[in-house]
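What follows is the residue order along each chain.
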Amino acid sequence: MRPCSDGLPVPQRYGAIFAIALGITVSVLDGAIANVALPTIARDLNASPASSIWVVNAYQLAITVSLLSLASLGDLVGYRRIYQAGLLVFSITSLFCALSDSLLTLTIARVLQGFGAAAIMSVNTALIRIIYPQRFLGRGMGINSLIVACSSAAGPTVAAAILSVASWQWLFAINLPIGIVALLLGMKFLPANGQKSDNRRFDPTSAVLNALTFGLLITAISGFAQGQSLTLIFSEIAALLAIGAVFVRRQLRQEFPLLPVDLLRIPIFALSMGTSICSFAAQMLAMVSLPFFLQSALGRDEVATGLLLTPWPLAIVVMAPIAGRLVERVHAGLLGCIGLAVFALGLFSLALLPAAPSDGDIIWRMVLCGAGFGLFQSPNNHTIISAAPRNRSGGASGMLGTARLLGQTSGAALVALMFNLFPTSGTHASLILAGVFATLAAAVSSLRITQSTAQTAQPSREVK
């Protein structure tokens, strides 16, 4: 299907956004859904608890190291092709995960599944940019933000619901029919690229350097948080600095870099990226530590914990579409600053809960966190995508996903660090640190208020 000059007509637009919604839901959800089942998976596959962590880490690592490369391919061969290929790989490898009979085969299947998820995530916002008319782009980004945030936050609840009626294999098998439906919808409704760069070539050397740089970054952060050998961590940091320096220098010499460092020279783009990393670190600090807090400190069971966490994503469901409309009239920097301030207030209020809080005491604080995060995320994503030239939408989309993953990975690692540093009050320390990150994100977002969004349409050669 060929796109209109400014978005798709309404019937096709709804079909296209539904195809994207299905793909994003399963790919983001699978990043968190396996956590709840890890003890069961380890027991069934005769694996140790420590080694079973690779079921989660392998998926996240595969996404992070390949996201930017697949986003660059999207600019070259078309966002629709990359998205559909990702759906196909994700669906098939989900079946492989369900059929795995050892930890090794499951880990390999999760790596391959992560590559499929990376293809989906790398171009989803670039597709939204050509699905929606420019004047309604904020609404499209609001829907996307809602899906990503809710899928991330609802992972434990969904996993618990599936495990209450089926085995852990169904956590993966259920992706197959959903992926097939999304693929069929995509073939019918998703548009082709409106603009491509004829003089671009894919750079495999940069792709390898990118994978090594982000892979070493994640392993070093995780290793430090888990208390691994300092010699090993410093070796990883040294390799990271050396390879990262070569990678960045290579990108600076290229007209269309894999890591779009030229886009980071647009002030509002760079500030929005920083805001995104800090905010997702705050979210993950809270979402990983809160279940421990509710169960260990407050004595709630698994079902009660899931129910008490639910107001957070529900508040996002309400606020994200509203924020997507508000950004059409209010500066994204101001909306983000207000939303993140509310988010920080909710996090600090959770950290200051009384010793024996009622469910109501917890729920209104959860609502505050979700409403603040929902008010921030849609305008922030809108700004990141709009700030890039249209023929660089894939790169901007990849950077958006990379910022989210780096923030989430850092937040999860910091929870482990807080637990190691404060054995008796790790959850409390994690919530306070989450509030600090949200406050920092609000401060960075406020710096965008003086930045004009009029520069968003500038061609790539003017921001190199």
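Keep in mind that what you see is a predicted model, and the values were worked out from it rather than measured. (Residues numbered from 1 in each chain as written. Predicted model: local features only at pLDDT ≥ 70, side-chain atom pairs only at ≥ 80, totals over all residues. Heavy atoms only, no water.)

Points about the packing of helix α5 (residues 79–99) against helix α9 (residues 175–189)
Look at α5 against α9: their axes get within 8 Å of each other, and the N-to-C directions meet at 160 degrees. When the axis of α5 is compared with that of α9, the two are roughly antiparallel. Pair α5 / α9 crosses with left-handed handedness. On the side of α5, the interface is formed by Arg80, Gln84, Leu87, Leu88, Phe90, Ser91, Ser94 and Leu95, while α9 contributes Asn175, Leu176, Gly179, Ile180, Ala182, Leu183, Gly186 and Met187. Here the contact of α5 with α9 is composed, by residue class, of 9 nonpolar, 6 polar and 1 charged. (Axes fitted to C-alpha atoms, helices over the stretch in contact; angles between N-to-C directions. Helix = DSSP H or I, 4+ residues; strand = E, 2+ residues; numbered from the N terminus. Parallel < 35°, antiparallel > 145°, perpendicular 65-115°, else oblique. Left-handed = near helix turned anticlockwise from the far one by under 90°. Contact = heavy atoms within 4.5 Å. Nonpolar A, V, L, I, M, F, W, Y, C, P; charged D, E, K, R; others polar.)

A look at the environment of phenylalanine 292
Note on placement: phenylalanine 292 falls in helix α12 (residues 267–297). Classification of phenylalanine 292 by relative accessible area gives partly exposed; the value is 43%. The sequence separation of phenylalanine 292 and histidine 331 amounts to 39 residues, and the corresponding C-alpha distance is 37 Å. Leave out the neighbours within four places in its chain, and phenylalanine 292 touches Ala297, Phe419 and Thr427. (Buried < 20%, exposed > 50% of the residue type's maximum accessible area, 1.4 Å probe, protein only.)

Re helix α1 (residues 10–29)
Between its first and last C-alpha, α1 extends 28 Å over 20 residues, near the 28 Å set by a 1.5 Å rise per residue. A large share of α1 lies buried, amounting to 14 of its 20 residues. (Expected span 1.5 Å × (residues − 1).)

Considerations on the nonpolar core
In this structure, Leu127, Phe269, Leu290, Trp312, Phe343 and Leu347 are the most contacted members of the largest nonpolar core, which totals 98 residues. Residue contributions to this core peak at 12 residues, all from α12. In this structure leucine 347 touches Ala282, Ala286, Trp312, Cys369, Leu431, Ala434, Gly435 and Ala438, once residues within four positions along its chain are discounted. (Core = buried A, V, L, I, M, F, W, Y, C linked by side-chain atoms within 4.5 Å.)

Here we look at the packing of aromatic side chains
In this structure the tally under the stated criterion is 5 aromatic pairs. Between phenylalanine 280 and phenylalanine 373 the ring centres are 5.4 Å apart and the planes differ by 80 degrees, which places this aromatic pair in the edge-to-face class. Here phenylalanine 373 lies in helix α16 (residues 359–386) and phenylalanine 280 lies in helix α12, a separation of 93 residues in the sequence. For the pair shown, phenylalanine 280 and phenylalanine 373 are each scored as buried. Measuring from ring centre to ring centre gives 5.8 Å for tryptophan 312 and phenylalanine 343, while their planes differ by 80 degrees; the resulting arrangement is edge-to-face. Residue tryptophan 312 is found in helix α14 (residues 311–326), and its partner phenylalanine 343 is found in helix α15 (residues 332–351); the two are separated by 31 residues along the sequence. The same class applies to tryptophan 312 as to phenylalanine 343, namely buried. One residue, arginine 110, lies across the ring of tyrosine 59, its end atom 4.3 Å from the ring centre. (Phe/Tyr/Trp six-rings, centres within 6.5 Å; stacked < 30°, edge-to-face > 60°. Lys NZ or Arg CZ within 6 Å of the ring centre and 35° of its normal.)

Brief notes about the side chain of threonine 427
Mapped onto the elements of the fold, threonine 427 is located in helix α18 (residues 426–446). Not counting residues up to four positions away in its chain, the partners in contact with threonine 427 are Ser289, Phe292, Phe293 and Phe419.

Describing the pattern of salt bridges
The full count for this structure, using the stated rule, is 3 salt bridges. For arginine 110, the salt bridge identified is with aspartate 30, shortest N-O distance 3.6 Å. With arginine 110 in helix α6 (residues 103–131) and aspartate 30 in the loop between α1 and α2 (33–44), this residue pair connects regions lying 80 residues apart in the sequence. The exposure class of arginine 110 is buried, given its relative accessible area of 0%. Using a relative accessible area of 1% as the deciding quantity, one classes aspartate 30 as buried. In this structure, aspartate 359 and arginine 300 form a salt bridge, with 2.9 Å as the shortest nitrogen-oxygen distance. A residue pair is termed long-range when its members are at least 10 positions apart, and aspartate 359 in helix α16 and arginine 300 in the loop between α12 and α13 (302–309) qualify at 59 residues. (Salt bridge = Lys/Arg side-chain N within 4 Å of Asp/Glu carboxyl O.)

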